Amino acid sequence: MNKQKIAALLAGALAATGLAVMVPTASTAASACAAPYSASQVYTGGASASYNGHNWNAKWWTQGETPSTGGSGVWSDQGACGGGGDPSPSPTGTGTPQSCDHPVWVAGTQYTTGAVVKYAPNGQYYIATHDNPGYDPTISTWYWSPYTCTGGGSSPTPTSPTTPNPGGFVVSEAQFNQMFPNRNPFYTYSGLVTALSAYPAFANSGSDTVKRQEAAAFLANINHETGGLVYVVEQNTSNYPHYCDASQPYGCPAGQAAYYGRGPIQLSWNFNYKAAGDALGIDLLHNPNLVQTDAAVAWKTGIWYWMTQNGPGTMTPHNAMVNSAGFGETIRSINGSLECNGGNPAQVQSRVNAYTTFTSILGVPTGSNLSC
């Protein structure tokens, strides 16, 4: 007779005598408490801390904001905890260091929560605090946090190249400098190359000619948007308070005047900061200033628009160049409602002139359909 039947018969016998029956139940021990919360410590997205008998995870960068289910909502309650700290490494890198036998991070690879990778550019290790499709660990702090490990093991060589763009960017640094001789030092070439990891297909689809034409088209449009990569932020400050659509459920947490145009394609409005941030794995809704303080983030927002947004056009600028719709269609997708169909021919010509110059520098023909 198995144990379950014996227990059932015993319980029945005890019940018949009128004695109380204690039915054994499985107990679930509370999770071990993370390191205690400290108001002076900086916590990045995914970092853990314990407070008032509960473990908490930070949703984004924070300092001095006490864990609470109300208020700013920076902290996510992970439930009750008890006992000492968890000996396994936590997202913040606390606990007993483990062996550094982890694969090299590869852009575009799907990672699940808990995955640990080595980031080749700086040699550091990171743990995925949320599932993500290969976001950059040094930029996407909501999805990744530093991870501590020691010695042992060598990281396997990834099957995919670890460079942001498998073929390397089709524009050399010398050509980039030739295109933008008076650029703002903020717009670094290294930042642009780093940003390529966000969308590996950018300037990397089709023939070598198409790749160079797309790079020239992107750079020509941002040349126009930023005055030759001179302006990092929108110059008309009177517009700043108008870029907050408070009717959105998430509102404007960084402030009503915080969502002005920034970066190479002048990202503006709270809903665009949220959309770009969600796509890139960066909390731009709460930290819009990253677009004017981190060159790689700024470049990524420009590439995000180029690769994913139709704007007032009928296709993304990327698709326009890859599918031979022509440079004119990229103008339509960026500012066609104001410039195309005779709206502002001088502005259109400015973009076309830059595109013609840049394709010449890259040694490729302009193709057809230059205007809109």
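For clarity, every value in this text was computed on a predicted model and none was experimentally measured.

The rules behind the values
Residues numbered from 1 in each chain as written. Predicted model: local features only at pLDDT ≥ 70, side-chain atom pairs only at ≥ 80, totals over all residues. Heavy atoms only, no water. Helix = DSSP H or I, 4+ residues; strand = E, 2+ residues; numbered from the N terminus. Expected span 1.5 Å × (residues − 1). Buried < 20%, exposed > 50% of the residue type's maximum accessible area, 1.4 Å probe, protein only. Arc of directions from axis to C-beta. Pairing = 2+ DSSP bridges. Axes fitted to C-alpha atoms, helices over the stretch in contact; angles between N-to-C directions. Salt bridge = Lys/Arg side-chain N within 4 Å of Asp/Glu carboxyl O.

Any chance you could explain helix H10 (residues 345-362) here in plain terms?
Along an α-helix, residues three or four positions apart point the same way, because every turn accommodates 3.6 residues. With 18 residues, H10 extends 26 Å between its outermost C-alpha atoms, agreeing within 8% with the 26 Å of an ideal straight helix rising 1.5 Å per residue. Buried within H10 we find Val348, Arg351, Val352, Ala354, Tyr355, Phe358, Thr359 and Leu362. Projected down its long axis, H10 carries its buried residues within an arc of 160 degrees, all on one side. Opposite its buried face, H10 presents the exposed residues Pro345, Ala346 and Ser360, each directed more than 90 degrees away. Just downstream of H10, glycine 363 is the residue with a positive phi angle, here 75 degrees.

Help me out: how do you make sense of helix H4 (residues 208-226) in this one?
The end-to-end C-alpha distance of H4, which contains 19 residues, comes to 27 Å, matching closely the 27 Å that a straight helix rising 1.5 Å per residue would cover. Of all 19 residues in H4, 14 are buried, a share of seventy percent or more. Backbone geometry just downstream of H4 places glycine 227 in the positive-phi region, at approximately 65 degrees.

Can you walk me through unusual backbone geometry in this structure?
Where the residue is not glycine, phi is negative for most of them; where a peptide bond is considered, it is trans in most cases. Phi is positive for glutamine 266, which is not a glycine, with a value near 50 degrees. Inspection of the secondary structure puts glutamine 266 in the loop between H4 and helix H5 (270-280). Its relative accessible area of 18% is what places glutamine 266 among the buried residues. For asparagine 341, which is not glycine, the phi torsion reads 55 degrees and is therefore positive. Looking at where asparagine 341 falls in the secondary structure, it is placed in the loop between helix H9 (327-339) and H10.

What is the right way to read the sheet that holds strand E3 (residues 54-58) from this model?
Hydrogen bonds between backbone atoms are what pair the strands of a sheet, whose relative direction is either parallel or antiparallel. Taking strand neighbours across the sheet as the criterion, the three strands line up as E2-E3-E5 in an open arrangement whose pairing is antiparallel. The sheet is open, and its two borders are formed by strand E2 (48-51) and strand E5 (75-80), each paired with just one other strand. Sheet twist, expressed as the mean angle between neighbouring strand axes with direction ignored, is 30 degrees. Across four bridges, the pairing between E3 and E5 is antiparallel. Pairing of histidine 54 across the sheet is with alanine 80, part of E5.

Before we go on, may I ask you to explain the pattern of salt bridges in this structure?
Where charged atoms from two side chains of opposite charge approach closely, those side chains can pair. Across all of its chains, the model carries five salt bridges by this definition. We note a salt bridge from glutamate 329 to arginine 332, for which the minimum N-O separation is 3.4 Å. One end of the pair is glutamate 329 and the other is arginine 332, both in helix H9 and three residues apart, which spans about a single turn. Among the residues examined, glutamate 329 registers a relative accessible area of 19% and is labelled buried. Overlapping salt bridges, with partners in common, bring together Glu225, Glu339 and Arg351 in one network.

Honestly, it's all geometry; don't read function into it.
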